[in-house]
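Architecture at a glance
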Amino acid sequence: ASGDKLSLKQSDISIHGHAIESRIYAEDPVRGFLPSTGHLLRYQEPKTGGDVRIDTGVEQGSEISMFYDPMICKLVTHGPDRETACGTMIDAIDSYVIRGVGHNALFCRDVIENAKFRSGTYSTKFIQEEY
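Everything quoted here is computed from the prediction, not taken from an experiment. (Residues numbered from 1 in each chain as written. Predicted model: local features only at pLDDT ≥ 70, side-chain atom pairs only at ≥ 80, totals over all residues. Heavy atoms only, no water.)

So, the packing of aromatic side chains
- Within the structure shown, the criterion is met by seven aromatic pairs.
- Members of the aromatic cluster, connected to one another through ring pairs, are Phe 33, Phe 107, Phe 117, Tyr 122, Phe 126 and Tyr 131.
- Above the plane of the ring of Phe 117 lies Arg 82, whose end atom (NZ or CZ) is 4.6 Å from the centre. (Phe/Tyr/Trp six-rings, centres within 6.5 Å; stacked < 30°, edge-to-face > 60°. Lys NZ or Arg CZ within 6 Å of the ring centre and 35° of its normal.)

Next up, the structure:
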């Protein structure tokens, strides 16, 4: 930012697998992604470590209010390739327990299972075209 040269060159950086991120929101996909407010009556995250990471600021009992962003978490999975990362994401979403507010976790799972998404042959119009 200050005009200094970077300490690394592009050729110094290598790719180590594939990562997928699902942003889990207290939003209702069926109702145009309208926010869902209330308390997290039951909240159990997938097991983390290895190839699953969760960035969150909520816990069981937290309030999802209309005054703040309704994001519940960023769920990130990693694998040696896209297919493995997608499979790990599906397993993570399947083990997630969120009760008390509507959420988009199953929508995220559906996206991950979509053939266009799995192949990586989609555009920024993906949701508009597929849903």
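There's plenty left to go through after this.
A look at the environment of Gly 79
- Among the structural elements, Gly 79 can be located in strand S8 (residues 71-79).
- Expressed as a C-alpha distance, the spacing of Gly 79 and Gly 50, which sit 29 residues apart in the sequence, is 9.6 Å.
- When near neighbours in sequence (up to four residues on either side) are disregarded, Gly 79 contacts Gly 17, His 18, Thr 84 and Ala 85. (Helix = DSSP H or I, 4+ residues; strand = E, 2+ residues; numbered from the N terminus. Contact = heavy atoms within 4.5 Å.)

So, a nonpolar patch on the surface
- Together, Met 66, Phe 67 and Tyr 68 give the surface a local cluster of nonpolar side chains, amounting to about 480 Å² of exposed area.
- Structurally, Tyr 68 can be placed in the loop between strand S7 (63-64) and S8. (Patch = residues over 30% accessible without salt bridge, like charges linked within 9 Å, V, L, I, M, F, W, Y side chains within 5 Å. Areas by Shrake-Rupley, 256 points an atom, 1.4 Å probe, with all protein chains shown as cover. Salt bridge = Lys/Arg side-chain N within 4 Å of Asp/Glu carboxyl O.)

Section: the packing of helix H1 (residues 82-95) against helix H2 (residues 105-113)
- Look at H1 against H2: their axes get within 10 Å of each other, and the N-to-C directions meet at 160 degrees. With respect to H2, the axis of H1 lies roughly antiparallel. Where H1 crosses over H2, the handedness of that crossing is left-handed. Residue-level contacts link Cys 86, Met 89, Ile 90, Ile 93 and Asp 94 of H1 to Ala 105, Cys 108, Arg 109, Ile 112 and Glu 113 of H2. (Axes fitted to C-alpha atoms, helices over the stretch in contact; angles between N-to-C directions. Parallel < 35°, antiparallel > 145°, perpendicular 65-115°, else oblique. Left-handed = near helix turned anticlockwise from the far one by under 90°.)

Brief notes about the sheet that holds S8
- Spatially, the three strands line up as an open sheet ordered S1-S8-S6, and their pairing is antiparallel. For this open sheet the edge positions go to strand S1 (18-25) and strand S6 (52-56), each flanked by a neighbour on one side alone. Averaged over all neighbouring strand pairs, the angle between strand axes comes to 20 degrees, with direction disregarded.
- Pairing analysis gives five bridges linking S6 to S8, with the strands arranged antiparallel. Its bridge partner lying in S8, Asp 55 is registered against Lys 74.
- Relative to the sheet, H1 contacts S1, S6 and S8, its axis offset from that of S8 by approximately 140 degrees. (Pairing = 2+ DSSP bridges.)

Points about the nonpolar core
- Of all hydrophobic cores here, the largest spans 28 residues; its most connected members are Ile 24, Tyr 43, Ile 72, Cys 73, Leu 75, Tyr 96 and Ile 98.
- Those elements giving two or more residues to this core turn out to be S1, S6, S8, H1 and H2.
- When residues in this core are grouped by element, the largest group, six residues, is from H1.
- Among all residues touching Tyr 43, those that are not within four sequence positions of it are Thr 56, Val 58, Glu 59, Gln 60, Ile 72, Cys 73, Tyr 96, Val 97 and Ile 98. (Core = buried A, V, L, I, M, F, W, Y, C linked by side-chain atoms within 4.5 Å. Buried < 20%, exposed > 50% of the residue type's maximum accessible area, 1.4 Å probe, protein only.)

Such coordinate-based values are descriptive only and should not be taken to indicate function.
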